[in-house]
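What follows is each chain in one-letter form.
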Amino acid sequence: MSNTIVELKHVTKQYSKQKALDDVSFSVKEGSIVGLIGPNGAGKTTIMKILGGLVFPTEGELSVFGETSVDGLNHARSRSSFMIETPYAKASMSARENLEKQRIQKGIPEKDRVTEMLRYVGLSDTGKKKVKNFSLGMRQRLGLANALLGRPELMVLDEPINGLDPEGIVEIREMLKRLNKELKTTIIISSHILSELSLLCTDYVFINHGKIIDTLSAEELAAEASEYYHIDTDDNEKASVILTNTLHIDKLEALEDGSLRIYEGLDRIREISKALYDGGVIPTTLSKNEVNLEDYYMLKVGHEETKEAQNV
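Residues numbered from 1 in each chain as written. Predicted model: local features only at pLDDT ≥ 70, side-chain atom pairs only at ≥ 80, totals over all residues. Heavy atoms only, no water.

**Some points on the pairing of strand β9 (residues 211-217)**
As paired strands, strand β8 (residues 203-208) and β9 are joined by 6 bridges and run antiparallel to one another. Within β9, the position partnered with D203 by the bridge is S217. Taking the residues between adjacent antiparallel strands as the criterion, β8 and β9 are bridged by 2 residues, where H209 takes a positive phi near 50°. (Pairing = 2+ DSSP bridges. Helix = DSSP H or I, 4+ residues; strand = E, 2+ residues; numbered from the N terminus.)

**Observations regarding the nonpolar core**
One finds L176, I189 and F206 to be the most contacted residues of the largest nonpolar core, which totals 47 residues. The greatest single-element share of this core, amounting to 6 residues, is contributed by helix α5 (residues 136-148). With residues near it in sequence (within four places) discarded, F206 still touches I37, K211, I212, I213, D214, L216, L293, Y296 and Y297. Counting 27 residues, the second-largest nonpolar core is a separate cluster that includes L51, V64, F65 and I207. (Core = buried A, V, L, I, M, F, W, Y, C linked by side-chain atoms within 4.5 Å. Buried < 20%, exposed > 50% of the residue type's maximum accessible area, 1.4 Å probe, protein only. Contact = heavy atoms within 4.5 Å.)

**So, the packing of helix α3 (residues 95-105) against helix α4 (residues 113-120)**
One can describe the packing of α3 onto α4 by two numbers: an axis separation of 9 Å at closest approach and a directional angle of 130°. Relative to α4, the element α3 is oriented oblique. Along this stretch, α3 crosses α4, giving a crossing that reads as right-handed. Listed contacts from α4 to A95, R96, L99, E100 and R103 of α3 are V114, T115, M117 and L118. Classifying every residue of the contact of α3 with α4 gives 5 nonpolar, 1 polar and 3 charged. (Axes fitted to C-alpha atoms, helices over the stretch in contact; angles between N-to-C directions. Parallel < 35°, antiparallel > 145°, perpendicular 65-115°, else oblique. Left-handed = near helix turned anticlockwise from the far one by under 90°. Nonpolar A, V, L, I, M, F, W, Y, C, P; charged D, E, K, R; others polar.)

**Examining the environment of S259**
In this structure, S259 sits in the loop between β11 (252-254) and β12 (260-262). Separated by 29 residues in the primary sequence, S259 and H230 place their C-alpha atoms 7.3 Å from one another. Those residues in contact with S259 that sit more than four places away from it in its chain are H230, I231, D232, N236, E253 and A254. Of note is the side chain of S259, whose polar atom sits 2.9 Å from the side chain of H230. A polar side-chain atom of S259 sits 2.6 Å from a polar atom in the side chain of D257. (Polar contact = N/O pair within 3.5 Å; in protein donor to acceptor, adjacent residues only side chain to side chain.)

**Some words on helix α9 (residues 236-246)**
Among all positions of α9, only N236, A239, I242 and L243 are buried. On an axial view of α9, the arc spanned by its buried residues comes to 115°, and they lie on one face. Facing away from the buried side of α9 by over 90 degrees, the exposed positions are E237 and N245. Those residues of α9 hidden inside the fold are in contact with β10 (227-233), β11, β12 and α10 (269-278). (Arc of directions from axis to C-beta.)

**Structural notes on the pattern of salt bridges**
Applying the stated criterion to the full structure yields 15 salt bridges. The residue R261 makes a salt bridge to D295 at a minimum N-O spacing of 3.1 Å. Of this pair, R261 sits in strand β12 while D295 sits in helix α11 (residues 293-311); the two residues are 34 residues apart in sequence, bridging distant segments of the chain. Assigned by exposure class, R261 and D295 land together as buried. (Salt bridge = Lys/Arg side-chain N within 4 Å of Asp/Glu carboxyl O.)

Structure follows, in structure tokens:
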């Protein structure tokens, strides 16, 4: 069984009257790639800052590589790398100059490590170009190169593919997969591009309003992934009434564009079509699909928002 690399137990982070994290508990196994998933302000970056020692929990316990004391956690962080929010780089220096400075500060003896990392992230041809003239995507690549300098056992990456073009996103994804497979690097990553996380992660942690709302592995997500029918009609409000009251379908979701999804009665499609026609509703779309990571996330977050609204 894999060793636990990171563990948060009942972690709360309070800023004045606001809780950025509220009783957060989850663990990360050695060799896994864990996706932190949630909307802006959910608490993802706060978790990463706590892991990096940039902020401290108000309550709860943090363990990294089995270390829980202040000195122990500092030692554990020397085996880790962090790319949180905007990657740090001196704007008046080139990529190579920035990495060379970081290599010396981190006490890395191999001088060829800088050249290796520049090649690894696709910045070999930037020459003397100053970072202030880099695109956002180039800055992200430089941030990743810096994070990789010390051959970390654990990487914590906050939106590492932000600003990259599609080709760059694929390159970074394959690089992270290669690091994980070949060097057994454990990775904690956040991204708003859920389709990319679904191609990369072995596990997922869903967070909303500072609370963990679900944790599951990629295999468990596949098992949870249910089929549904996407229905669009010339009168979706009336269609919803027919599906609910006439056919007694309870697992129904109304999307932002007004179309509907039903998660039960999938073997009753003829009956559903007939009921809609008999009710004077004309279907324009009636397609069978499967829940993916983005769908699952929206279902979870939507369910939590509904619960909170009911409790107000």
